[in-house]
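Residue-level listing of the chains:
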Amino acid sequence: MGRRRSQAEQCRRSLLSAERGLMPKRSAPLAVCLVFPNTYHTGMSNLAVHTLYGILNTRTDCLCERSFCDEHLLGSSLETGSPLGAFHVIAFSISFELDYPNVPKTLLAARVPLRATERNESHPLIIAGGPCMFSNPEPLADYIDACVIGEGEEAIGEVMTVVSKARENAFSRTATLRELSQIPGVYVPSLYNPVYSAKGELVGMENRNGSGLPITGRVVADLDEYPCASVLVTPNTEFANMFLVELGRGCRRNCRFCSACHIYLRRNRSLDSLKNRILSARGLSNTVGLVTSDLSDYPQRDELLAFLLNTGFGFSVSSVRADFITEDLLAGMQASGQRTLTLAPETASAKLRVLTGKRITAEALLSAVDLALNHSIINFRLYFMIGLPGEEDDDVEAIVELAKLVRLRMRRAAKRSRKMGRLTVCTAPFVPKPFTPLESVAFADAAVLSRRIKLLRRGLARVANTRLTLESPRMARLQCVFARGDRTVAALIEMIARGQSLAQAMREFGDKLKTYTDAQAESGCVRPWQSITPPAAQNNKGLRKD
Ligand code: SF4
């Protein structure tokens, strides 16, 4: 065995042996490899991976293995080390735009032809789903045979039924794709051709035998029928050894920059279904991670938190608004051993609070900090965006001033407790996303971002015990290109996948980048994401929202 293969084998074994709750399946007529196009560490924190893995392995006709993009795992499955090309279906679950180059990179490693049009009956079907696919599937459209638009729990089963039938009846690849395109919510990109004007602007989509656009995103009618929770726990992930459970989807706050609330239809799981799911975690984990875009959106949150504490589970919350922090919540977090509170005010300026629709005032934030300090939660992580439309230097300086006020409170509390915590200010350039009210605004100019970053660095350097983390403006710019791109962007994605440096690939793609980062025309043009409508746009008649 070569050195590389033996390292890969070691890596697989060590990850698998640390997992608890895994029920490997040995054989079934249809072999699917579920790929998360990032590392194992990131992928195993993603509930879509757990949910789809559970659903597919519950089917009698199907076995599902996983693959990730760690150096030693790329191109083969985690469970058995099988090459991805040996599976009947490769199913990507895609949550982050910056993971796009890992899709062709995985196909290259698996020796599967990159473009859908280059594949034949001997190759696996390449399926993709996840929030990026129902925000804008076009940048990856050339690589994917069929995209599931919207929530995948029901649609993935329908896709597998069609693929099984196609295999039994020896359908051609073309016939299989036609059958798949008949499933509601399934977009087969090769059945549509983008049409460009002489100036290179997207002016429409030519229908080449598809069932018509836009493809309406799927919505699971009753979330309780499809539990969305960890199917196994592992220490090798962001939420080490934690049992994750999803409370609901969407968000009622409708912040104007936020993709989550503009693509997902808002509704919650019932308290009873959550209790049952949490009790099933016994023996796997003592800590439950509550996955939600906003805990205050869950109507029975107090009962849920009380249930967790009464049944001996600690908990952690993925997201909570500063204006919702309560004594009960903090007492529960304290009892669970949490010492860090993460808050996302996004901006510290009154003007930008109106623009973004996220109206967390400085007073609300500081009062949340005070309450947390009273509960021995002494570390704070605050998330902000820079480069928002209409932003001026003063708005960024306001972040520094707010950090100083937080730090002052931390110091006062430390005098009493003799424990000084740490403040982390995390900033990222604003990236306009499809289907949001800010979808058309320009991505901030590089020089402006650079000046704002200097202001932050200089200002926060004088605030003791405070760390600044910055998301790279270049990566954010690339994210904007991927988020608003059309099929032309596939060439850029491929350059990166083939190992070109980011700088070189972006240089080679040249002025075309500006097509996606400049302000987009408000009317009279076709947007790439017009091929689909996300679940949030659906008529929600008959769906339980609370
Ligand atoms: S509160 Fe958070 S999840 Fe909800 S809309 Fe605003 S940013 Fe999005």
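Residues numbered from 1 in each chain as written. Predicted model: local features only at pLDDT ≥ 70, side-chain atom pairs only at ≥ 80, totals over all residues. Heavy atoms only, no water.

Observations regarding the domain arrangement of the protein
One frequently used descriptor of interface size is the decrease in accessible area upon assembly of the parts. Split by domain assignment, the protein resolves into domain 1 (3–216), domain 2 (226–319) and domain 3 (334–484). Across the domain 2/domain 3 interface, buried area totals approximately 1,100 Å², and carbon plus sulfur atoms make up 62% of it. Among the residues domain 2 hides against domain 3, the three largest losses belong to R256, F257 and H262. Together they make up 61% of the total. Our count for the contact surface shared by domain 2 and domain 3 stands at zero salt bridges. At the junction of domain 2 with domain 3, the criterion picks out five residue pairs in polar contact (both at pLDDT 80 or more). Residue assignment for the side of domain 2 that touches domain 3 shows that the elements contributing at least two residues are helix 7 (259–263) and strand 14 (314–317). No other element matches strand 14, which puts four residues into the side of domain 2 that touches domain 3. The residue inventory of the side of domain 2 that touches domain 3, partitioned by class, reads seven nonpolar, four polar and one charged. (Domains from an automatic or database assignment. Buried area = accessible area lost by both parts, 1.4 Å probe. Salt bridge = Lys/Arg side-chain N within 4 Å of Asp/Glu carboxyl O. Polar contact = N/O pair within 3.5 Å; in protein donor to acceptor, adjacent residues only side chain to side chain. Helix = DSSP H or I, 4+ residues; strand = E, 2+ residues; numbered from the N terminus. Nonpolar A, V, L, I, M, F, W, Y, C, P; charged D, E, K, R; others polar.)

Let's talk about the sheet that holds strand 2 (residues 62–67)
Within the open sheet, the six strands sit side by side as 2-1-3-4-5-6. Their pairing is mixed. Where the open sheet ends on each side, the last strands, each with one partner, are strand 2 and strand 6 (186–187). Across four bridges, strand 1 (residues 30–35) lies against strand 3 (residues 89–93) in parallel orientation. For L34, the partnering residue across the bridge sits in strand 3 and is A91. With respect to the sheet, helix 6 (residues 173–181) is in contact with strand 4 (125–129), strand 5 (146–148) and strand 6, its orientation differing from that of strand 4 by roughly 20°. (Pairing = 2+ DSSP bridges. Contact = heavy atoms within 4.5 Å. Axes fitted to C-alpha atoms, helices over the stretch in contact; angles between N-to-C directions.)

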